[in-house]
Amino acid sequence: MWALALTIFAGCKWLTWWKAPSRAGSSYARSLGYLLAWVGMDAKAFLRPAPTVCHPGLLEWLFAGFKACVGAVLIWEGARMVPASAAVLRGWIGLAGCVFLFHFGAFHLLSLAWRTGGVDAQPIMRAPILAMSLTEFWGARWNVAFHQLAHEMAFRPLRRTLGYPLAILAVFGLSGVIHEAVISVPANGGYGLPTAYFLLQGLGVLWERSGFARRLGFGQGWRGRLFTLSITAGPVAFLFHPPFIHKVILPFLETIGAF
């Protein structure tokens, strides 16, 4: 899993760096920092001089550290409190801990460190729980790094040839294929489920943008938030399916001493 994930990540980082217009005027140190010490995919913002970047305050540092601590507690305390007979639940708690520790915690701390040094490296997770629509969730709050990459490299060119609806489904389908590579392939099972999950997200985005959904009040307020939560969290077992939990997550948690 880690080998596949890091290989795909490294390829995407190189591609975004190579295509960044600000690469030519960037220092070698800044380029190496982007390629080796940052998880975002907005090379243009990272590489350009940004003297106006606001230095983060103490409260943001404390919040990022708190999220990392929550993740560590879930991994090394929460998972072991669940009996081995409830293996899937144990795996899910450990997986949630990993997401909090890395995506919400450590990566946020890394963003803070870069911004303190004057580099425009915005967090890749931006309070997804506050999303009022699927479009906002996937486009502006959850793993913004992948959204930036997919928007520039896939959605914009596909939209010109296929139109908006098919381009949306194609990009979500591509996301599904990538997740198959890092989830289903290492687990040798659950093939097709991550792709089905992301195609459902694409259909949800198209539906909430329809005139009928807008008249019902979706895409805003409590209806939009409830719809977003139900579509993203409801079928999440399709994404992180049981073979992945049993064959990848549980052995990984055992290796790092979670139980």
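Source: prediction; values computed, not measured.

Trainee: Would you mind showing me how to read the overall build of the protein chain here?
Mentor: Check the secondary structure of the protein chain and you find 13 helices and zero strands. Sequence-ordered secondary structure for the protein chain, helices as α and strands as β, is α-α-α-α-α-α-α-α-α-α-α-α-α. A globule of 259 residues ought to have a C-alpha radius of gyration of about 18 Å, and the protein chain, at 19 Å, matches this closely. C-alpha atoms of the protein chain, sized along the principal axes, occupy 55 × 50 × 35 Å. Across the 259 residues that make up the protein chain, the buried fraction comes to 41%. Restricting the contact set of the protein chain to residue pairs at least 6 apart, pairs at least 24 apart contribute 65%. Accessible area for the protein chain stands at about 13,400 Å²; split by element, carbon and sulfur atoms hold 71% of it. Treating the 21 positive side-chain charges of the protein chain as one cloud and the 9 negative ones as another, the clouds have centres 7 Å apart.

Trainee: Would you mind showing me how to read a nonpolar patch on the surface here?
Mentor: Where nonpolar side chains cluster on the molecular surface, the patch consists of Leu 4, Val 185 and Tyr 191 and spans about 270 Å² of accessible area. Tracing the sequence through the fold places Leu 4 in helix α1 (residues 2-19).

Trainee: Hey, could you run me through the side chain of Asp 120 in this one?
Mentor: Checked against the element boundaries, Asp 120 lands in the loop between α5 (87-116) and α6 (134-141). For Asp 120, a relative accessible area of 17% puts it in the buried group. A polar contact of 3.5 Å, which involves the side chain of Asp 120, links it to the side chain of Arg 48. In terms of polar contacts, Asp 120 uses its side chain to reach the side chain of Gln 122, at 2.8 Å.

Trainee: Please clarify how unusual backbone geometry should be interpreted in this entry.
Mentor: Keep in mind that most residues, glycine aside, have a negative phi and that most peptide bonds are trans. Phi angles above zero are rare outside glycine, and Ala 127 is one such case at about 50 degrees. Mapped onto the elements of the fold, Ala 127 is located in the loop between α5 and α6. The backbone of Asn 188 sits at a positive phi, close to 50 degrees, despite the residue not being glycine. Tracing the backbone shows Asn 188 in the loop between α8 (164-187) and α9 (193-208).

Trainee: Explain the pattern of salt bridges to me, please; I cannot follow it from the model alone.
Mentor: The tally for this structure, following the rule as stated, stands at four salt bridges. For the salt bridge of Glu 60 with Arg 115, the shortest nitrogen-to-oxygen distance reads 2.7 Å. Taken as a pair, Glu 60 in helix α4 (residues 58-81) and Arg 115 in helix α5 lie far apart in primary sequence, 55 residues in all. Taking the relative accessible area as the measure of exposure, Glu 60 reaches 25% and is therefore partly exposed. By relative accessible area, Arg 115 is classed as buried at 6%. The salt bridge partner of Arg 141 is Glu 136, with a shortest N-O separation of 2.7 Å. When its relative accessible area of 23% is taken as the criterion, Glu 136 is described as partly exposed.

Trainee: Is there a simple way to think about the environment of Arg 30 in this case?
Mentor: The topology assignment puts Arg 30 in helix α2 (residues 28-36). Counting along the chain gives 19 residues from Arg 30 to Pro 49, while the straight-line C-alpha distance between them is 9.6 Å. Ignoring sequence-local partners within four residues, the contact set of Arg 30 consists of Phe 46, Leu 47, Arg 48 and Val 119. A distance of 3.2 Å separates the side chain of Arg 30 from the backbone oxygen of Arg 48, its partner in a polar contact.

So, how was this worked out
- Residues numbered from 1 in each chain as written.
- Predicted model: local features only at pLDDT ≥ 70, side-chain atom pairs only at ≥ 80, totals over all residues.
- Heavy atoms only, no water.
- Helix = DSSP H or I, 4+ residues; strand = E, 2+ residues; numbered from the N terminus.
- Rg over C-alpha atoms; globule rule 2.2 N^0.38 Å.
- Buried < 20%, exposed > 50% of the residue type's maximum accessible area, 1.4 Å probe, protein only.
- Contact = heavy atoms within 4.5 Å.
- Areas by Shrake-Rupley, 256 points an atom, 1.4 Å probe, with all protein chains shown as cover.
- Lys, Arg positive; Asp, Glu negative; His and termini not counted.
- Charge placed at Lys NZ, Arg CZ, Asp CG, Glu CD.
- Patch = residues over 30% accessible without salt bridge, like charges linked within 9 Å, V, L, I, M, F, W, Y side chains within 5 Å.
- Salt bridge = Lys/Arg side-chain N within 4 Å of Asp/Glu carboxyl O.
- Polar contact = N/O pair within 3.5 Å; in protein donor to acceptor, adjacent residues only side chain to side chain.

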